[in-house]
Every structure is written in C-alpha cells, then in structure tokens.
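# Examining the three-dimensional arrangement
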Amino acid sequence: VARLHFVRAAQSCGLSLEDIDTVLAFADGEVAACAEVQSVIESRLLHVKRQVRELREVKRTLERLRESCGESGEDGRCPAIEEFKGQPSPKTPNN
C-alpha cells in the first residue's frame, strides 16, 4: 500500500513511470540519494516548463484563429480553415 501511495504521489507531480522507477530504486537503498533524485526532478521540471511554453503558443494561435473567423473575406472563406490548408487568407493577421 505504501508503494502504491508513493507511485501515485510521484505521478501526481508529473513524474513518468521510468522516473518513478529510478526514484524508487534510490528509495529502496540504505542511503537516500537526494542529488540523484533532485536531478530526476529537475529534468522533469524542465520538460514541464517546455510543455507550458508550447501550450502558451498553442493558446495564442487558437485565440488568433478564433478572431480570424469573424474576418472572412468577400469570398466567404474562413481564414482559419484556409490557414489549416496552408493557404493563409490575406485578411488573417500575423501571417
């Protein structure tokens, strides 16, 4: 039960199963290897920061596309659809 709690707690912090396996190996040792565990956590933290940056960019793009939908041209084409097709509409900003 304690091990399951450990795994769930580590997963809730975003550690992968591979990371958890590594940390468990240290936890099972006689001496807690804090420097190694810190390294695992730091690596995961860098990964999460990168994901957050990417999600912010996705958010900005989606917001821009949502706004462009209200700017369809005389031809009635949706600028967002045209951008997805790889043919940005001239009326779509930031292209």
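Figured I'd write up the structure that's included with this text. Because the structure is a prediction, the values reported are computed rather than measured.

Turning to the overall build of the protein, a few remarks are in order. Of regular secondary structure, the protein possesses four helices and zero strands. Start at the N end of the protein and walk to the C end: the helices and strands fall as α-α-α-α. In the protein, which comprises 95 residues, the proportion classed as buried is 21%. Considering only contacts in the protein between residues 6 or more positions apart, those separated by 24 or more positions represent 20%.

Let's shift gears to the environment of Arg8. Assignment of secondary structure puts Arg8 in helix 1 (residues 2-12). Remark: the alpha-carbon pair of Arg8 and Ile20, spanning 12 residues in sequence, is separated by 9.5 Å.

Moving on: the pattern of salt bridges. Per the stated rule, a full pass over the model turns up seven salt bridges. Its salt-bridge partner being Glu63, residue Lys59 comes within 2.9 Å of it at the nearest N-O pair. Highlighted residues: Lys59 and Glu63, both in helix 3 (residues 34-68), separated by four residues, approximately one helical turn. Residue class for Glu63 comes out partly exposed when judged on its relative accessible area of 31%.

Here we take up the nonpolar core. With eight residues, the main nonpolar core is built from Val7, Ala10, Leu15, Ile20, Val23, Leu24, Val37 and Val40. Among the elements of the structure, helix 1, helix 2 (17-27) and helix 3 are those that each provide at least two residues to this core. No other element matches helix 2, which puts three residues into this core. The contact partners of Leu15, leaving out residues within four places of it in the chain, are Ala10, Ile20, Val40 and Arg44.

Right, let's get into the packing of helix 2 against helix 3. At a minimum axis distance of 10 Å, the contact between helix 2 and helix 3 shows a crossing angle of 165 degrees. The orientation of helix 2 with respect to helix 3, classified from their angle, is roughly antiparallel. Read as a crossing pair, helix 2 and helix 3 show a hand that is left-handed. Within the contact between the two elements, helix 2 uses Asp19, Thr22, Val23 and Phe26 and helix 3 uses Glu36, Val37, Val40 and Arg44. For the contact of helix 2 with helix 3, a count of residues per class yields four nonpolar, one polar and three charged.

The next thing to look at is the packing of helix 1 against helix 2. Where helix 1 contacts helix 2, the axes come no closer than 10 Å and their chain directions differ by 130 degrees. As summarised for this structure, helix 1 and helix 2 are arranged oblique, according to the angle between their axes. Taken as a pair, helix 1 and helix 2 cross one another with a handedness that is right-handed. Where helix 1 approaches helix 2, its residues Arg3, Phe6, Val7, Ala10 and Gln11 are matched on the opposing element by Leu17, Ile20, Val23, Leu24 and Ala27. A breakdown of the residues in the contact of helix 1 with helix 2 according to their chemical character gives eight nonpolar, one polar and one charged.

Cut-offs used in this document
Residues numbered from 1 in each chain as written. Predicted model: local features only at pLDDT ≥ 70, side-chain atom pairs only at ≥ 80, totals over all residues. Heavy atoms only, no water. Helix = DSSP H or I, 4+ residues; strand = E, 2+ residues; numbered from the N terminus. Buried < 20%, exposed > 50% of the residue type's maximum accessible area, 1.4 Å probe, protein only. Contact = heavy atoms within 4.5 Å. Salt bridge = Lys/Arg side-chain N within 4 Å of Asp/Glu carboxyl O. Core = buried A, V, L, I, M, F, W, Y, C linked by side-chain atoms within 4.5 Å. Axes fitted to C-alpha atoms, helices over the stretch in contact; angles between N-to-C directions. Parallel < 35°, antiparallel > 145°, perpendicular 65-115°, else oblique. Left-handed = near helix turned anticlockwise from the far one by under 90°. Nonpolar A, V, L, I, M, F, W, Y, C, P; charged D, E, K, R; others polar.

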